[in-house]
Amino acid sequence: MLQTLLNCTKQAHYRVCLTWLPNGGRSKLTPQEDLNMANNPTTTLENVVLMYEKIGTPQFKKDSTTLTEYSVTAVIPEDDADAFGDKYKNQKVRFLKNSEWEEKFPDIPLPYASQKKQFMITLKKDTHKKSGEPLPDTLRPHVYLRTGADEVEQITGVAGKGVGNGSKGSITWDEFTNSFGTTAKLLYIIVDELVVYEGG
């Protein structure tokens, strides 16, 4: 089932990832940004299959030619898909029958062969604040490659290290609740087994 990490420092290297910069330095969050992040429950799902990674190169939002967003799709176990759908009612859980998966992705083995269907969630985050200002590096989603038990390397947008379909790793999000319900927002992914993206 979904594991909510109420204390992000429980997995210290995950928390540190949020403020790492490519040069090894760190960027300070504003007090309000840090407070907002600390108050938002954070959830990590491990051992998922990653698809359609659009974090390094954000894409236009649906039906827009001006607004952009970061996104990634994760194939997750059926129990987790049920729990996600129950909690985040405004976000769709999609699925493919195993025969449909094998036809669409002949080079990617069934992520969960014991299931009759493969369940997918897509997590997103806008590239800009409501004011129109771009998200700072500390608040935008990032991609990390695991290099050791407690070590990761940031590979967001790094040439030759794009995350291809079928890569394996973990996905982490935080959540926001308002009058419309509770929404999961993408924080970052950590790739354990990288399939390098070779598309155009």
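Overview of the structure. Computed from a predicted model, the values in this text were never measured in an experiment.

The next point concerns the overall build of the protein. Within the protein one finds 4 helices and 9 strands. The linear arrangement of helices and strands in the protein, starting from the amino end, is β-α-α-β-β-α-β-α-β-β-β-β-β. Counting across all 200 residues of the protein, residues that qualify as buried make up 42%. The long-range share in the protein, meaning contacts at least 24 apart out of those at least 6 apart in sequence, stands at 66%. Working note: accessible area of the protein is about 11400 Å², and carbon and sulfur atoms make up 51% of it.

This next bit is on helix α3 (residues 78-87). At 3.6 residues per turn, the α-helix brings residues three or four places apart onto the same side. Turning to α3, its buried residues number three or more, namely D80, A81, A83 and F84. Projected down its long axis, α3 shows its buried positions confined to an angular sector of 165°, all on one face. Looking at the buried positions of α3, the neighbouring elements they touch are β2 (42-60), β3 (68-76), β5 (117-126), β8 (167-178) and β9 (181-193).

What follows deals with unusual backbone geometry. With phi around 55°, N47 is a residue other than glycine that occupies positive phi space. Its location among the elements puts N47 in strand β2. Notably, Y52 is not glycine yet its phi reads approximately 50°, a positive angle. Relative to the helices and strands, Y52 resides in strand β2. Take Y52: its relative accessible area is 33%, and that puts it in the partly exposed class.

Moving on to the packing of aromatic side chains. Given two aromatic rings, one states the distance between the centres and the angle between the planes to describe the pair. Under the criterion given, the structure shown has 7 aromatic pairs. Seen from their ring centres, F84 and Y88 are 4.7 Å apart, and the 50° between their planes marks the pair as tilted. Note on F84: relative accessible area 1%, which makes it buried. Plain terms: the ring middles of F84 and W173 are 5.6 Å apart, the flat faces sit at 80° to each other, and that makes the pair edge-to-face. Placement of F84 in helix α3 and of W173 in strand β8 is noted, with a sequence separation of 89 residues between them.

A few words now on the pairing of β3. When you tally the buried positions in β3, you get 8 out of 9 residues, the bulk of the element. Sheet topology places β2 next to β3; 6 bridges connect them, and they run antiparallel. Across the sheet, residue M51 finds its bridge partner in β3, namely T73.

Cut-off values and rules
Residues numbered from 1 in each chain as written. Predicted model: local features only at pLDDT ≥ 70, side-chain atom pairs only at ≥ 80, totals over all residues. Heavy atoms only, no water. Helix = DSSP H or I, 4+ residues; strand = E, 2+ residues; numbered from the N terminus. Buried < 20%, exposed > 50% of the residue type's maximum accessible area, 1.4 Å probe, protein only. Contact = heavy atoms within 4.5 Å. Areas by Shrake-Rupley, 256 points an atom, 1.4 Å probe, with all protein chains shown as cover. Arc of directions from axis to C-beta. Phe/Tyr/Trp six-rings, centres within 6.5 Å; stacked < 30°, edge-to-face > 60°. Pairing = 2+ DSSP bridges.

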